[in-house]
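# Examining the three-dimensional arrangement
Each chain is listed here by its residues.
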Amino acid sequence: MSLPLEGRSAIVTGAGRGLGRAEALELARLGAAVVVNDYGQPGRDGSGEASTGPAEDVAAEIRAAGGTAVTHTGDVADHEQARELVELANTEFGKLDILVNNAGILRDRMVFSMSEDEWDAVIRVHLKGHFNTTHFAAAHWRARSKAEGGRPVYGRIVNTSSEAFLAGSAGQPNYAAAKGGIVGLTTSTAAALAKYGVTANAICPRARTRMTADVFAGVEQPGDADADGVVRDPLAPEHVAPLVGYLASPAAAQVNGQLLVVHGGMVAVVERPRVAAQFDTKQGAFTYEELDALLSPYYAGRPRNETFAAVEVLGLSRGRGR
């Protein structure tokens, strides 16, 4: 019996630790040959010397389990190094089928205290990093489709957004903005590449990793026992990886342009924004007075803390779904 991703090749960025590591291992377990990308800086804020160690350790783990893996230790936020990453997959495995964008850093600060560098660094790694790899992967799939007479090819993109974007994390304006931008990039990419047979989806994972160790330091409750009886942390990255494997697989061919929250044995499909109300001018154009007469009563009747942010996602937990 063949594996779901047998004969497929994948790139996972930020795969040296945490979520990326779990995702790379899962794709390999499902049969994919994996390019393990990680810049290898030790600090979650992007500080410290780059290292080949984290990527090489994960690639070795994949090979030890009988899988196929190579490493790339470049910076995906660098346009040229992102190009080299995609070319490496094509050179080593003959093509690229799956791109999982996960690389990221944190530089948390309230908006009134954040420096320009703290803003730029996070936007660069998360949003530009996602764009760079997506750009070159998309060009690769478009060229493949043209070379095959315009037929659809196999392509899967899984991007990493965050509940910080959905809920409007007050202490993370740079991170929330970057993660919101990634959703916009994902839906645009999904629309642009559908005709080539490529899907693009985004996930909002919640997991205990190097980046979130302090956030979840007090969350210690045990998870359910696995089939082998081992109790797993409900915030373990391994809860996220199977969804990435599914979205990367042929089974998810009809899943495109979607946003899914995933953690602790739960997956929630996030519905697109909907229009709550519409107001039309009775004249040729609105005046201040007319808008005041229409909008002020409308907002006076709504809770003050009800904004566009979807804070309720933070309360999602296993056992409330279908």
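Summarised in this report is the structure supplied together with it.

The rules behind these values
- Every chain is numbered on its own, with residues counted from 1 as its sequence reads.
- Only residues with pLDDT of at least 70 are given local features in this predicted model, and only at 80 or more are side-chain atom pairs given and counted; all residues enter the totals for whole chains, interfaces and linings.
- The side-chain quantities take in all heavy atoms of the structure and omit both hydrogens and water.
- Here a helix means four or more residues in a row that DSSP labels H or I, a strand means two or more in a row labelled E, and each is numbered from the N terminus.
- Radius of gyration here is computed from C-alpha atoms only, and the compact-globule reference equals 2.2 Å multiplied by the residue count raised to the power 0.38.
- Burial classes follow relative accessibility: with a 1.4 Å probe on protein chains only, a residue under 20% of its type's maximum area counts as buried, one over 50% as exposed, and anything between as partly exposed.
- By definition, two strands form a pair when at least two bridges between them are found by DSSP.
- When two rings of Phe, Tyr or Trp (its six-membered ring) have centres within 6.5 Å they constitute a pair, described as stacked for plane angles under 30 degrees, edge-to-face for angles over 60, and tilted for the intermediate range.
- Only C-alpha atoms enter the line fits that serve as axes; for helices the fit covers just the stretch in contact. Angles between N-to-C directions range over 0 to 180 degrees.
- By definition in this entry, angles of less than 35 degrees are roughly parallel, angles greater than 145 are roughly antiparallel, angles of 65 to 115 are roughly perpendicular, and the rest are oblique.
- For a crossing to be left-handed, the near helix must be turned anticlockwise from the far one by less than a right angle; the clockwise case is right-handed.
- Residue contacts are defined here by distance: any two heavy atoms, one from each residue, within 4.5 Å place the two residues in contact.
- The span expected for a helix works out to 1.5 Å for each residue beyond the first.
- Think of it this way: the bend at a residue is just the angle between two axes, each fitted to seven residues, one set ending at that residue and the other starting at it.
- Think of a patch as exposed residues, more than 30% relative accessible area, with no salt bridge, where like charges cluster within 9 Å and nonpolar side chains (Val, Leu, Ile, Met, Phe, Trp, Tyr) cluster within 5 Å.
- Here the accessible surface of atoms and residues is derived via Shrake-Rupley with a 1.4 Å probe, and residues count as covered only by protein chains that are part of the display.
- What makes a salt bridge here is a side-chain nitrogen of Lys or Arg within 4 Å of a carboxyl oxygen of Asp or Glu, nothing more.
- The arc in question is the one traced by the directions running from the helix axis out to the C-beta atoms.
- Pairing of N or O atoms within 3.5 Å defines a polar contact, subject to two protein rules: one partner must be a possible hydrogen donor and the other a possible acceptor, and residues neighboring in sequence count only if both atoms are side-chain atoms.

### Observations concerning the overall build of the chain
Scanning the chain for helices and strands turns up eight helices and eight strands. Taken over the C-alpha trace, the chain has a radius of gyration of 21 Å; the compact-globule value for 322 residues is 20 Å, and the two agree within 12%. When its C-alpha atoms are laid out on the principal axes, the chain stretches across 70 × 55 × 45 Å. Classification of the 322 residues of the chain by burial places 45% in the buried group.

### Notes on the pairing of strand E8 (residues 266-269)
The alternating pattern of E8 places Met266 and Ala268 on a buried face, while none of Val267 and Val269, on the opposite face, is buried. The sheet contact formed by strand E7 (residues 259-263) and E8 spans four bridges and is antiparallel. Across the sheet, Leu260 pairs through a bridge with Val269, a residue of E8. Between the end of E7 and the start of E8, which pair antiparallel, lie two residues, with Gly264 showing a positive phi angle near 50°.

### Quick word on the packing of aromatic side chains
Counting across every chain of the model gives two aromatic pairs. Judged by centre distance (5.5 Å) and plane angle (75°), the ring pair of Phe279 and Tyr298 falls under edge-to-face. Note that Phe279 is positioned in the loop between E8 and helix H8 (288-300) and Tyr298 in helix H8, a separation of 19 residues in sequence. When its relative accessible area of 28% is taken as the criterion, Phe279 is described as partly exposed. When the ring of Tyr298 is compared with that of Tyr299, the centres are 5.1 Å apart and the planes differ by 80°; the resulting orientation is edge-to-face.

### Observations regarding the packing of helix H1 (residues 18-29) against helix H2 (residues 53-64)
Interaxial distance between H1 and H2 falls to 10 Å at its minimum, and their mutual angle equals 25°. Taken together, H1 and H2 sit at an angle that is classed as roughly parallel. Between H1 and H2 lies a crossing of right-handed hand. Contacts from Arg21, Ala24, Leu25 and Ala28 of H1 reach H2 at Val58, Glu61 and Ile62.

### Focus: helix H4 (residues 116-147)
Between its first and last C-alpha, H4 extends 44 Å over 32 residues, near the 46 Å set by a 1.5 Å rise per residue. Largest kink in H4: about 35°, centred on Arg124. After H4 finishes, the residue Gly149 shows a positive phi value of roughly 75°.

### Quick notes on a nonpolar patch on the surface
A grouping of Phe286, Leu291, Leu295 and Tyr299 is seen on the molecular surface, where their side chains present a nonpolar patch of about 340 Å² in accessible area. Relative to the helices and strands, Leu295 is located in helix H8.

### Details of the packing of helix H3 (residues 79-93) against H4
Relative to each other, H3 and H4 sit at 40°, their axes nearing to 8 Å. Relative to H4, the element H3 lies oblique. When the axes of H3 and H4 are compared, the crossing they make is right-handed. Within the contact between the two elements, H3 uses His79, Ala82, Arg83, Leu85, Val86 and Asn90 and H4 uses Phe131, Asn132, Thr133, His135, Phe136, Ala137 and His140.

### Focus on the environment of Leu260
With respect to the helices and strands, Leu260 occurs in strand E7. When the C-alpha atoms of Leu260 and Ser161 are compared, they prove to be 9.3 Å apart, with 99 residues separating the residues in sequence. Beyond its immediate stretch of four places on either side in the chain, Leu260 contacts Ala202, Ile203, Cys204, Leu243, Leu247, Val267, Ala268 and Val269.

### Some thoughts on H3
Between the first and last C-alpha of H3 there are 22 Å, a value that for 15 residues agrees with the 21 Å anticipated at 1.5 Å per step. When H3 is considered as a whole, its buried residues turn out to be Ala82, Leu85, Val86, Leu88 and Ala89. Down the axis of H3, the sector holding all buried residues measures 145°, keeping them to one side. Where H3 is buried, its residues contact strand E1 (9-12), strand E2 (33-37), strand E3 (69-72) and H4. Sitting at the amino-terminal end of H3 is Asp78, which places a side-chain oxygen 3.1 Å from the backbone nitrogen of Glu80. A positive backbone phi angle near 85° is found at Gly94, which sits one or two residues after H3.

### Focus on the pairing of strand E6 (residues 198-205)
The buried fraction of E6 amounts to eight of the eight residues, a majority that puts the element mostly inside the structure. The side-chain alternation of E6 yields two buried faces, one formed by Val198, Ala200, Ala202 and Cys204 and the other by Thr199, Asn201, Ile203 and Pro205. Looking at chain direction, strand E5 (residues 155-160) and E6 are connected through six bridges and run parallel. Residue Thr160 lies in a different strand from E6, and its bridge partner there is Ile203. The sheet contact formed by E6 and E7 spans four bridges and is parallel.

### Brief notes about the pattern of salt bridges
Under the criterion given, the structure shown has 15 salt bridges. Between Arg274 and Glu271 there is a salt bridge, and its shortest N-O distance comes to 2.8 Å. Comparing Arg274 with Glu271 shows no difference in burial state: the two are exposed. Of the charged contacts, one joins Arg302 and Glu306 as a salt bridge, the two residues approaching to 2.6 Å between their closest N and O atoms. For Glu306, a relative accessible area of 42% translates into the label partly exposed. One network of salt bridges, in which partners are shared, links Arg21, Glu61 and Glu238.

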